[in-house]
Amino acid sequence: MKRLLLCSFCFLLSAILFAQDDTTSTSQWRPLYHFTPAKNWTNDPNGLLYVKGTYHLYNQQNPFENHWGHMSWGHATSTDLVHWKHLPIAIPESIKGDDTTWIFSGSAVLDKNNTSGWCKTNDCIVAIYTGHQPHIRKESQFVAYSNDGGMTFINYDKNPVIDLNKHDFRDPNVFWYEPGKFWLMTVVLPAEHKARFYSSPNLKDWTLLSEFGPQGYTGAYWECPFLIQLPVEGTSEKKWVLVTSAAGGERGVFEQYFVGDFDGKEFKNDNDSSKILTLDYGDTYYAAIPWNNLPGNQKTYIGWMIPNPQPTYPWRGQMSVARDLSLRQTKDGIRLIQKPSSVVENELNKLSNNKITELKNIALNNAETDVSKNKIKGNAYWIKAELTLQPNATAGFKIAQKKDVNGKVINEIVIGYDVSTHQLFVDRTNSGGKLNEKALKRTIDLSDASDKIQLEILLDKSSLEVFANNGEAALTTYIYPDEGADNIAAYSSNGNATIDNLKIWDLSSVKQ
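These numbers were taken from a predicted model, which means no experiment stands behind them.

Trainee: Please explain the overall build of the chain as it appears in this structure.
Mentor: Helix and strand counts for the chain come out as three helices and 36 strands. In terms of overall dimensions, the chain is globule-like: its C-alpha atoms have a radius of gyration of 23 Å, near the 24 Å expected for 512 residues. Principal axes of the C-alpha set define a box for the chain whose edges measure 70 × 50 × 40 Å. Put simply, the chain has 512 residues, and 61% of those count as buried. Counted over contacts in the chain with a minimum sequence separation of 6, partners at least 24 positions apart contribute 61%. Total accessible area on the chain is roughly 19,500 Å²; 47% of this is exposed by carbon and sulfur atoms. A distance of 2 Å separates the average location of the 51 positive side-chain charges in the chain from that of its 57 negative side-chain charges.

Trainee: Quick question: what am I supposed to make of the environment of L164 here?
Mentor: If you trace the backbone, L164 turns up in strand β10 (residues 162–166). By relative accessible area, which is 30% here, L164 ends up partly exposed. Once the C-alpha coordinates of L164 and G333 are considered, the two residues, 169 residues apart in sequence, prove to be 37 Å apart.

Trainee: Got a minute to help me understand the sheet that holds strand β2 (residues 54–61) in this structure?
Mentor: To summarise the sheet geometry, strands pair through backbone hydrogen bonds and adopt either a parallel or an antiparallel arrangement. Read across the sheet, five strands follow the order β4-β3-β2-β1-β21 without closing on themselves; strand pairing throughout is mixed. Unpaired on one side and paired on the other, β4 (85–91) and β21 (315–316) mark the two borders of the sheet. As judged from the two bridges shared by strand β1 (residues 40–51) and β21, these two strands associate in the parallel manner. Across the sheet, the residue bridging to N40 is W315, located in β21.

Trainee: Could you clarify how one ought to interpret unusual backbone geometry in this entry?
Mentor: With the exception of glycine, the majority of residues adopt a negative phi angle, and the majority of peptide bonds are in the trans configuration. At the junction of N159 and P160, the peptide bond is cis and its omega measures out at 0° in the coordinates. By the element assignment, P160 lies in the loop between β9 (154–155) and β10. The step from G213 to P214 runs through a cis peptide bond, and the omega angle for that step is 0°. Summarising the element assignment, P214 is placed in the loop between β14 (207–212) and β15 (223–231). Unusually for a residue other than glycine, C224 sits at a positive phi of about 45°.

Trainee: Teacher, can you tell me more about the pattern of salt bridges here?
Mentor: Two side chains of opposite charge can pair, provided their charged atoms sit close to one another. As enumerated under the stated definition, the model contains 22 salt bridges in all. When the shortest N-O distance is used, the salt bridge between R170 and D168 registers 2.7 Å. Each member of the pair, R170 together with D168, is buried. Taking the shortest distance from any N to any O, the salt bridge between K331 and D332 comes out at 3.3 Å. Residue K331 is classed as exposed on the basis of its relative accessible area of 59%. Three or more residues are tied together by salt bridges with common partners; here these are E139, D168, R170 and E223.

Trainee: Explain the state of the cysteines here, please?
Mentor: Here, disulfide denotes a covalent bond that connects the sulfur atoms of two cysteines. Using the criterion set out here, one finds one disulfide in the structure. Through a disulfide, C119 is tied to C124; the S-S separation comes to 2.3 Å. Measuring handedness by torsion sign, the sulfur bridge of C119 and C124 sits at about -65° and is left-handed.

Trainee: How should the nonpolar core be read in this particular structure?
Mentor: Most often, soluble globular proteins have nonpolar side chains that are buried together. Core analysis: the largest hydrophobic core is formed by 58 residues, its most contacted members being W84, V241, Y257, W291, L327, W382 and L507. Element by element, the count of residues in this core is highest for strand β19 (residues 285–290), at five residues. In this structure, W291 is in contact with L48, L49, Y50, Y55, H56, L81, W84, T300, Y301, I302 and A322, ignoring residues within four places of it in sequence. Counting 38 residues, the second largest nonpolar core, distinct from the first, contains L389, I399, L446 and I453.

Trainee: Even after reading the chapter, I still don't get the layout of surface pockets, so can you show me in this structure?
Mentor: To locate leftover empty space, one rolls a probe as large as a water molecule over the atoms. Computed from the structure, the largest pocket encloses a volume of approximately 830 Å³. Considering the residues around the largest pocket, the lining is formed by 32 residues, among which F175, W176, N292, N293 and K299 are closest to the centre. When contributions to the lining of the largest pocket are tallied by element, the ones reaching two or more residues are β6 (99–110), β11 (170–177), β15 and β16 (238–245). Reported here for the second largest pocket is a volume of approximately 580 Å³.

Trainee: Would you take a moment to explain the sheet that holds strand β34 (residues 473–478) for this structure?
Mentor: The six strands lie next to each other as β25-β36-β27-β32-β33-β34, forming an open sheet whose pairing is antiparallel. A strand with exactly one partner marks an edge of an open sheet, and here the two such strands are β25 (356–365) and β34. Going across the sheet, the axis of each strand differs from the next one's by a mean of 15°, ignoring polarity. Alignment of strand β27 (residues 380–389) against strand β36 (residues 496–506), held across nine bridges, turns out to be antiparallel. Residue pairing across strands places L389 opposite A497, the latter belonging to β36.

Trainee: When you look at the side chain of T312 in this model, what are you seeing that I'm missing?
Mentor: Structurally, T312 can be placed in the loop between β20 (300–305) and β21. For T312, a relative accessible area of 7% corresponds to the buried category. One polar contact links the side chain of T312 to the main-chain carbonyl oxygen of W315, over a distance of 2.7 Å. With sequence-adjacent residues up to four places away left out, T312 is seen in contact with T26, N66 and Y480.

Definitions and cut-offs
Residues numbered from 1 in each chain as written. Predicted model: local features only at pLDDT ≥ 70, side-chain atom pairs only at ≥ 80, totals over all residues. Heavy atoms only, no water. Helix = DSSP H or I, 4+ residues; strand = E, 2+ residues; numbered from the N terminus. Rg over C-alpha atoms; globule rule 2.2 N^0.38 Å. Buried < 20%, exposed > 50% of the residue type's maximum accessible area, 1.4 Å probe, protein only. Contact = heavy atoms within 4.5 Å. Areas by Shrake-Rupley, 256 points an atom, 1.4 Å probe, with all protein chains shown as cover. Lys, Arg positive; Asp, Glu negative; His and termini not counted. Charge placed at Lys NZ, Arg CZ, Asp CG, Glu CD. Pairing = 2+ DSSP bridges. Salt bridge = Lys/Arg side-chain N within 4 Å of Asp/Glu carboxyl O. Disulfide = S-S within 2.5 Å. Core = buried A, V, L, I, M, F, W, Y, C linked by side-chain atoms within 4.5 Å. 1 Å grid on protein atoms, 1.4 Å probe; cavity = no way out; pocket = protein on both sides within 12 Å on 5 of 7 lines; lining within 4 Å. Points joined across faces, edges and corners; volume = space filled by probe spheres on them. Axes fitted to C-alpha atoms, helices over the stretch in contact; angles between N-to-C directions. Polar contact = N/O pair within 3.5 Å; in protein donor to acceptor, adjacent residues only side chain to side chain.

Structure (structure tokens):
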């Protein structure tokens, strides 16, 4: 979503995202354990790369203002995916006379074998990105290299390396394809709803392999693709997954994925070409890409959370929690599974300073009950819960809750599971702030019908991520609670339910 004036969706959002002149601090809504820039605008994650124990997160940034523009690559690093070190702009926009090149989205690789011929060190990083030239209305693919650990980059003097003379042609995602011993690029033709695959021996010279599409959802421009091979849980099987973002149509902010096979040249979809598989069921998750060069068999990615109409200052935009990826066989076929990264989950006790609330076997008898015990304040926490519901019951949690002296709800977000329809829902009708009015209530049809639900709820000041049934479905959105709206209650309606297990980590003391 880097180019807010290039598609119909961008025009719809322009009033929201450009008219942010309010300089009133909104520190009450700045996340603690999610990435946000220190100041100014951010959007797509770029150049995700793991090198020597450090996660590099490049990202689309405006170095000067709190709205979209002057697109450049910002840079931050972390060793735990929670605490981020903000670094200087890595690749700034290029302005030469009347010729402007904005640094749009792309990826980065560790060229450890010096295939490019540019490397003078063992940690030589090559960035591959879209050069957007607004004056001549063209997008093409550029490369740049770094011999100082990714702090600064030198643009290749023969850029662009792929040029179709097209207005819309963007978002290269590159990794080393070991079976073919070449670099593999996935890039999109947005208006045509196609992904293109290119190969290169040296990151400079690229050969077209094939095209995929149009398939799946074609109601908006395709953007930010990636191709990844993932294991199918509980088996020795692996499948390839192709992901594209597409926002601006009737689905709003949207990402889809395709499951299939890749033979080094072509990607073939396992499903019917009209089948649409949804990545995230919220209204903000977009432009997600994976890290390159992760150790072992880790498959971890992160996405941009597109801002709601609510202004924030002095930053605008953030990333989701990092997520681990795999595949699972369901009654509907092989489906993508995403869970909060184990790198973060394994440190929750430490991150919370062991401030943990644990409850078991709590009966919910057509009523709500306080589960925070007045201990958890500030709306920065992580919930893991398992519930069992009787027939026809709906049960779940009411978070960021505040009531007046008469018990009338002022603020709350309802996260519930309706066992009769096997739907999970998130209702933000009373969640505060300025929101996307068309997305106040979202529902998810869960694949395997059951009287049980497993939930993971990540609330971080203003960002909310809900994961169901051990990664079967995810929903990402924003909320903007009033001051003091931080109670946590569990409830049931239309029948009884039981909280089998509940654990809440208080993350209000996390500091960036």
